[in-house]
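# Results of the structural survey
Listed here are the chains, written in short residue letters.
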Amino acid sequence: MKIRYFDNSATTKVRKEVLDKMFPYFMLEYGNPSSLYKLGRTARVAVEEARRNVANLINCDKNEIYFTSGGTESDNTALKGIMNLDKNNGKHLITTKIEHPAILNTCRTLEENGFKVTYLNVDKEGVINIEELNNSITEETVLISIMFANNEIGSIQPIEEIGKIAKKRGIIFHTDAVQACGNIDIDVKKLNIDMLSLSGHKIGAPKGIGALYVNKNIEFKNLIDGGHQEKDKRAGTENVPGMVGLGEACRLAKNDMKNHINKLKTLRDYYFEKIKENILDVKTNGSIEHRLPGNANTSFKGINGGELLMKLDEKGICASAGSACSSGSSMPSHVLTTIGLTSEYLEGTLRVTFGDENTKEDVDYLIESLVEIIHNIEN
Ligand SMILES: *Cc1c(COP(=O)(O)O)cnc(C)c1O
């Protein structure tokens, strides 16, 4: 059966160009970048070119990019790396209630270690209130960490305004941009972002590679102790093919951004339109205006999301109930409860996230299948 993949926020297929670019670094140019002979130097050159490509995507200096094992490690490094720096004697950090577990659970650990965390609310659209952010800042606040775009409902935060506030109050601003990178034009200098997390497997590179941008004026403590790699900030022999892949994915994302965004938006808006036309009791979750181009998150009243996913799977369709991270458990999504979704809709939530390989025919098949399944469940 043909697989139709609509779960690009969970992970993406590795792009052919990315894999081709990585390939030589497994068996031909397999040197350790720290080695001084030619084989090592070739790997070093490749890593530095990749670093430049990552930097170009978000408009920072190449020396402000640190490679990590992915979005989770980047988030951990950012939060713990700032809060655990002795020089920062403030003990308070501000985040939101709708962050990815990589941020939320890092905050829980920090709380266990004596730090204070404020979790900002979001409105029905999944967007924070700037006034609430302003009022949460205290003398003790060292860090604001607010995601660029949400992985479940796709809502985009007012990053530019947050950046201005952070700058004015002398607070470090980190953003988890794992979902935003490649889907929104990001300029960290213009937006006053001090630190930013991104991940390879959400943008056509492999799983297990990511990066953290840190403004050159910001000091932070390393998470992993060991060798001198990544300017002493991330020890461990470099994942050269992964870094090369991430660099290529970032270069392609920058080149393709306009077309990519247009394509995803067109598919998504078509999907929204058809769903509303054909299914009576459906609710759209998250802002329409401030939303990731490829995200469609809807709730069907009285439908069991797990059952819906199973039936879709039988038809070769991959989608998600809440987020991939919470779909293993029966706990309602923290994002959906925070935006105030009522219980009759909560269970019947379906997240569809489009990618470059999706066609209009795929979407027609998805809608057709959905209408049929929901009709059968209802009767
Ligand atoms: C996927 C994701 C992460 C985690 O990234 P990994 O590379 O899978 O560790 C963090 N934050 C957000 C918003 C994500 O979507």
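Residues numbered from 1 in each chain as written. Predicted model: local features only at pLDDT ≥ 70, side-chain atom pairs only at ≥ 80, totals over all residues. Heavy atoms only, no water.

## What about the domain arrangement of the chain?
What counts here: Domain ranges listed in this record stem from an automatic or a database domain assignment. Here the quantity called buried area is the total loss of accessible area, with a 1.4 Å probe, experienced by two parts when brought into contact, counted for both. Any Lys or Arg side-chain nitrogen found within 4 Å of a carboxyl oxygen on Asp or Glu counts as a salt bridge. Under this definition, polar contacts are N or O atom pairs within 3.5 Å; protein pairs additionally need one hydrogen-donor-capable and one acceptor-capable atom, and for neighbouring residues in sequence, both atoms have to be side-chain atoms.
Domain assignment breaks the chain into domain 1 (4-12 + 257-378) and domain 2 (16-255). A separation of 27 Å is found between the C-alpha centroids of domain 1 and domain 2. Both faces combined, the contact of domain 1 with domain 2 buries some 2400 Å², and carbon together with sulfur accounts for 53% of it. Counting the contacts that link domain 1 with domain 2 gives zero salt bridges. On the surface where domain 1 and domain 2 come into contact, there are 16 residue pairs in polar contact (both at pLDDT 80 or more).

## Side note on the packing of helix 3 (residues 38-58) against helix 8 (residues 240-278)
Threshold: All axes are obtained by fitting lines to C-alpha atoms, using only the stretch in contact for helices, and the reported angles, taken between N-to-C directions, cover 0 to 180 degrees. In this description a helix means any DSSP run of H or I spanning at least four residues, a strand means any run of E spanning at least two, and both kinds are numbered starting from the N terminus. Working rule for handedness: look at the near helix, and if it is turned counterclockwise from the far one by less than a right angle, call the crossing left-handed; if clockwise, right-handed. Here a residue-residue contact requires only that any non-hydrogen atoms of the pair lie within 4.5 Å. Polar here means any residue outside two lists: the nonpolar Ala, Val, Leu, Ile, Met, Phe, Trp, Tyr, Cys and Pro, and the charged Asp, Glu, Lys and Arg; Gly therefore counts as polar.
Orientation of helix 3 relative to helix 8, taken along the N-to-C sense of each, is 35°, at an axis distance of 8 Å. Here the hand of the crossing between helix 3 and helix 8 comes out left-handed. Across the interface between the two elements, A43, A46, V47, A50, N53, V54, N56 and L57 from helix 3 touch V240, M243, V244, L246, G247, C250, R251, A253, K254 and M257 from helix 8. Counted by class, the contact of helix 3 with helix 8 contains 13 nonpolar, three polar and two charged residues.

## So, the pattern of salt bridges
For side chains bearing opposite charge, pairing can occur when the charged atoms are close. What counts here: Only protein chains enter the accessibility calculation, which uses a 1.4 Å probe; a residue whose area is less than 20% of its type maximum is buried, one above 50% is exposed, and one in between is partly exposed.
Going through the model one piece at a time under the given rule, you end up with 25 salt bridges. Here K216 makes a salt bridge to E64, at a shortest N to O gap of 3.9 Å. Of the two residues, K216 sits in the loop between strand 8 (210-214) and helix 8 while E64 sits in the loop between helix 3 and strand 2 (65-68), which places them 152 residues apart along the sequence. On the accessibility criterion, K216 (64% relative accessible area) is exposed. Each of R44, E48, R51, K62, E230 and E238 takes part in one network of salt bridges that share partners.

## Remarks on the environment of L309
Mapped onto the elements, L309 comes out in helix 9 (residues 305-314). With 132 residues separating them in the primary sequence, L309 and A177 have C-alpha atoms 27 Å apart. Among all residues touching L309, those that are not within four sequence positions of it are A319, S320, A321 and L350.

## Digging into the site of the ligand
Using the following cut-off: Residues are classed as near a molecule or strand on a simple rule: at least one heavy atom within 4 Å of it. Computed by Shrake-Rupley with a 1.4 Å probe, the accessible areas treat only the displayed protein chains as cover when residues are assessed.
The immediate surroundings of the ligand are formed by 13 residues, with T72, D176, Q179, S199 and K202 found nearest. A distance of 2.7 Å separates a nitrogen atom of the ligand from a polar atom in the side chain of D176. Computed on the free molecule, the ligand has an accessible area of 380 Å², of which 88% lies beneath the protein chains in the complex. For the shell around the ligand, the element with the most residues is helix 4 (residues 71-83), which contributes three residues. Looking at the shell around the ligand residue by residue, the class counts come to two nonpolar, eight polar and three charged.

## Some points on the nonpolar core
What counts is decided by this rule: Residues belong to one nonpolar core when they are buried, are Ala, Val, Leu, Ile, Met, Phe, Trp, Tyr or Cys, and are joined through side-chain atoms within 4.5 Å.
Formed by 67 residues in total, the largest nonpolar core has its most connected members in I58, L133, I144, F148, I186, I193 and L196. If one sorts the elements of this core by residue count, helix 8 sits on top with 10 residues. Residue contributions to this core reach at least three from each of two domains, namely domain 1 (4-12 + 257-378) and domain 2 (16-255). In this structure I58 touches I65, C181, I186, D187, V188, L196 and Y213, once residues within four positions along its chain are discounted. Residues L267, A319, L366 and I373 belong to the second largest nonpolar core, which totals 27 residues.

## Points about the sheet that holds strand 12 (residues 349-353)
Applied cut-off: A pair of strands is treated as paired once DSSP finds two or more bridges between them.
Across the sheet, three strands lie side by side as 9-10-12; this open sheet has antiparallel pairing. Because the sheet does not close on itself, it has two edges, and the strands there are strand 9 (282-284) and strand 12. Put simply, the sheet's adjacent strands are angled 25° from each other on average, direction ignored. Bridge analysis of strand 10 (residues 295-300) against strand 12 gives five bridges, and the strand direction is antiparallel. Bridging across to strand 12, N297 finds its partner in R351. Here helix 8 sits on the sheet and contacts strand 9, strand 10 and strand 12; the angle it forms with strand 10, its principal contact strand, is near 15°.

## Looking at the packing of aromatic side chains
Cut-off, in case you're wondering: Ring pairs are drawn from Phe, Tyr and Trp, using the six-membered ring of Trp, whenever the two centres fall within 6.5 Å, and their geometry is named by plane angle: stacked under 30 degrees, edge-to-face over 60, tilted for the rest.
Applying the stated criterion across every chain yields a total of four aromatic pairs. Residues Y66 and F220 carry aromatic rings whose centres are separated by 5.2 Å and whose planes lie at 80° to one another, so their mutual orientation is edge-to-face. Remark: F220 occurs in the loop between strand 8 and helix 8 and Y66 occurs in strand 2; sequence separation between them is 154 residues. Each member of the pair, Y66 as well as F220, is classed as buried. Ring centres 5.8 Å apart and planes at 70° place the aromatic pair Y271 and F354 in the edge-to-face group. Of the two residues, Y271 is situated in helix 8 and F354 in the loop between strand 12 and helix 12 (360-378); the sequence distance between them amounts to 83 residues. Classification of Y271 by relative accessible area gives buried; the value is 0%.

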